[in-house]
Every structure is written in structure tokens, then in C-alpha cells.
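# Analysis of the macromolecular model
Here is what each chain is made of, one letter per residue.
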Amino acid sequence: MKQKQMTERAEIKSSSQPLGGKLPKFSIVTPVLNGEKFLEETITSIRSQSFDGFEHIIVDGGSNDKTLSIANEAASQDARVRVLERPGLGQYPAIVEGFGHARGDWLSWLNADDLYTPWALKAVLDFANRRDEADWLSGFPACWDSDGTLRFMRPEGWRPQNLIESGWFHSQLLGYIQQESIFFKRSLFEALSPSEKAMFQDADLAGDFKLWKSFAAHTQLVTVPTVLGGFRRHANNRSVVGEEKYIQEIRTAGAMFLPQPLANLARAVY
């Protein structure tokens, strides 16, 4: 217990110190549990950014495979990568834990099997510098396969704020808002109420859906017209394996559902 407290104090102390005298612009959190298969590629996609003003915080929930070795090796090679060991911590509590150690103006999370494009951070920063009111940004949805091949991207730029807040964006109505492409200002996250943050942190599978609903009550989602990141589809995706449970969770969170003919018409119009 004493050793754990010392470790946590050291992490908190180090998180307040800028790297090279300069605070990072972006803080990217990766929650992971036994993610050895894809984690190295995820880390590489972040370390390969054309804009280098970022930190990558990997929060491990108690892996018993090679995950920690991969993460610690990356941290030993790059001071922008930090590893927090939090055994037993679930996905969304781990993300919130990472945000608590973050120093960047912009926050995001990238799961341990997903990828960013090399220009993602620079594109977000360049776009935000031209749009002062842009506190919450997304790119075009994209998907990679298990081999890391980009399988599709879909131009999609119109996501009305009131429809996001009302829960229209999910797989059975207007489609997902792709979490892997989302970046938001720290100030937006910090402006959420305790109940909004708790709703996100306590989620099982649908934390992203709940967070987007909360954000939409405060600001508009703005689309950067390029691919920023993407979902990697493989046999063990939590969101794929748990699709039925995800739908039940978003129903409880106030998702909008329409009878199938009307849902099809809404999708076609959208």
C-alpha cells in the first residue's frame, strides 16, 4: 500500500511538469487491458504525428499479457509517453483517470486497437486556429481491418447539435459519431456537471454516446474535412461483441428510436 501511494504521488508530481519546458497541446489517453495484439501499432500511430506537441497517457487496468512491456518500452523511448498502472479500473474510469493527469489544451482517447492518421493532430490544430468557437471536433468516419488496411472512409459533415443531444446518432438510426475521430478542449470537459461526468465514467459500453449528448448541450460538433482516426474492426471488438448490451445501455441513456420504416427514411434523408 505504501509503495502504491508513493507511485501515485510520483505520477501526480511528474504530471505537473512540462516536457522540455513546454506543455503539450494535446493529451491522448489510451485505456487498455490485455491489448498486446494491437497496442504497439496504436502507440506508433500517435508517435508518428506530424505535430509533436502531445502527450500519450496509457492507463493499464491490470494486464497479464505483454501489454505493460510494450507500453513501458514506448515510454522508455519517448518522454511524451507515460504509463499509469491501475489494476481493476474499467475502460471509462481509466479514461477519466488519464484526463486527471493530462496537461494539454485538447483531450482525446484512442483505444488500444485503433489508429490515428499521421496528420490528425496538425489538422485539428490548424482547423481550430481558424475557428475560435470550435471546442469539439471530429473528422470523417473511417475503418481499418485487423491487418491495418484502411477499408473505408465516409464523408459526413452535418451533425445537428439538437439531434446529438436528443440521442439520434447511433447504429439503428443516423449512425455512430465515431469516437476515434473526436477531439475536444479540456475546458469543455471540465465544464460538465458532476452528474454528466459520472454518467460518462459509470458507463459500461456507451460512454462515448453519453458524453456526446452532454457535450451537445454545451456546444456544436464541428467536422474537419479529412480522416483523423478510425476504428479497427476485428473479432474481439467490445462494441461489436456487446452490440446488444450497447443498445440497451443507450436506451436507458435516452437514445431516440423510431419504427424501422421511419428509421430507414430518416437515414436516407440524412
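Rules behind the numbers
Residues numbered from 1 in each chain as written. Predicted model: local features only at pLDDT ≥ 70, side-chain atom pairs only at ≥ 80, totals over all residues. Heavy atoms only, no water. Core = buried A, V, L, I, M, F, W, Y, C linked by side-chain atoms within 4.5 Å. Buried < 20%, exposed > 50% of the residue type's maximum accessible area, 1.4 Å probe, protein only. Helix = DSSP H or I, 4+ residues; strand = E, 2+ residues; numbered from the N terminus. Contact = heavy atoms within 4.5 Å. Axes fitted to C-alpha atoms, helices over the stretch in contact; angles between N-to-C directions. Parallel < 35°, antiparallel > 145°, perpendicular 65-115°, else oblique. Left-handed = near helix turned anticlockwise from the far one by under 90°. pLDDT = per-residue confidence, 0-100. Pairing = 2+ DSSP bridges.

### Brief notes about the nonpolar core
Trp-109, Trp-136, Phe-184, Phe-189, Leu-211, Trp-212 and Phe-215 are the most contacted members of the largest nonpolar core, which has 33 residues in total. Those elements that place two or more of their residues in this core are strand E2 (54–60), helix H4 (91–101), strand E4 (106–109), helix H6 (161–165), helix H7 (186–190), helix H9 (207–216) and helix H12 (260–269). What Phe-215 contacts, discounting residues up to four positions off in sequence, is Trp-136, Phe-184, Leu-188, Phe-189 and Leu-192.

### Side note on the packing of helix H8 (residues 194–201) against H9
Taken N-terminus to C-terminus, the directions of H8 and H9 make an angle of 160°; their axes are 8 Å apart at the nearest point. The angle between H8 and H9 places the two elements in the roughly antiparallel class. Helix-helix and strand crossings are classified by hand; for H8 and H9 the assignment is left-handed. In this structure, H8 contributes Glu-196, Met-199 and Phe-200 to the contact, and H9 contributes Gly-207, Asp-208, Lys-210, Leu-211 and Ser-214.

### Notes on the confidence of the model for the protein chain
Scored by pLDDT, the protein chain comes out at a mean of 90, with 89% of its residues at no less than 70. Here residues 1–19 scores under 50 on pLDDT; set against residues more than four positions off or in separate chains, the count is 20 contacts.

### Observations regarding unusual backbone geometry
A positive phi angle, near 55°, is found at Asn-34, a position not held by glycine. Along the chain, Asn-34 turns up in the loop between strand E1 (26–32) and helix H2 (39–47). Owing to a relative accessible area of 37%, Asn-34 belongs among the partly exposed residues under this scheme.

### Re the sheet that holds E4
With respect to topology, seven strands assemble into an open sheet ordered E3-E2-E1-E4-E9-E6-E10, the strand pairing being mixed. Every interior strand has two partners, whereas the edge strands, strand E3 (81–85) and strand E10 (222–223), have only one. In the sheet, strand E6 (residues 136–138) pairs with E10 via two bridges, with the strands oriented parallel. Looking at the pairing, Ser-138 lines up with Thr-223 of E10. This element, helix H3 (residues 67–77), spans E1, E2 and E3 of the sheet and lies at about 145° to E3. The strands touched by helix H5 (residues 120–130) are E1, E2, E4, E6, strand E9 (183–185) and E10; relative to E1, the strand with the most contacts, the crossing angle is about 140°.

### What about the sheet that holds strand E7 (residues 142–144)?
In space, the four strands of this open sheet follow the order E5-E11-E7-E8, with mixed pairing throughout. Every other strand in the sheet has two partners, leaving strand E5 (115–116) and strand E8 (150–153) as the edge strands with one partner each. Where E7 meets strand E11 (residues 229–232), two bridges bridge the pair, whose relative direction is parallel. Bridge pairing in E11 links Cys-143 to Phe-231.

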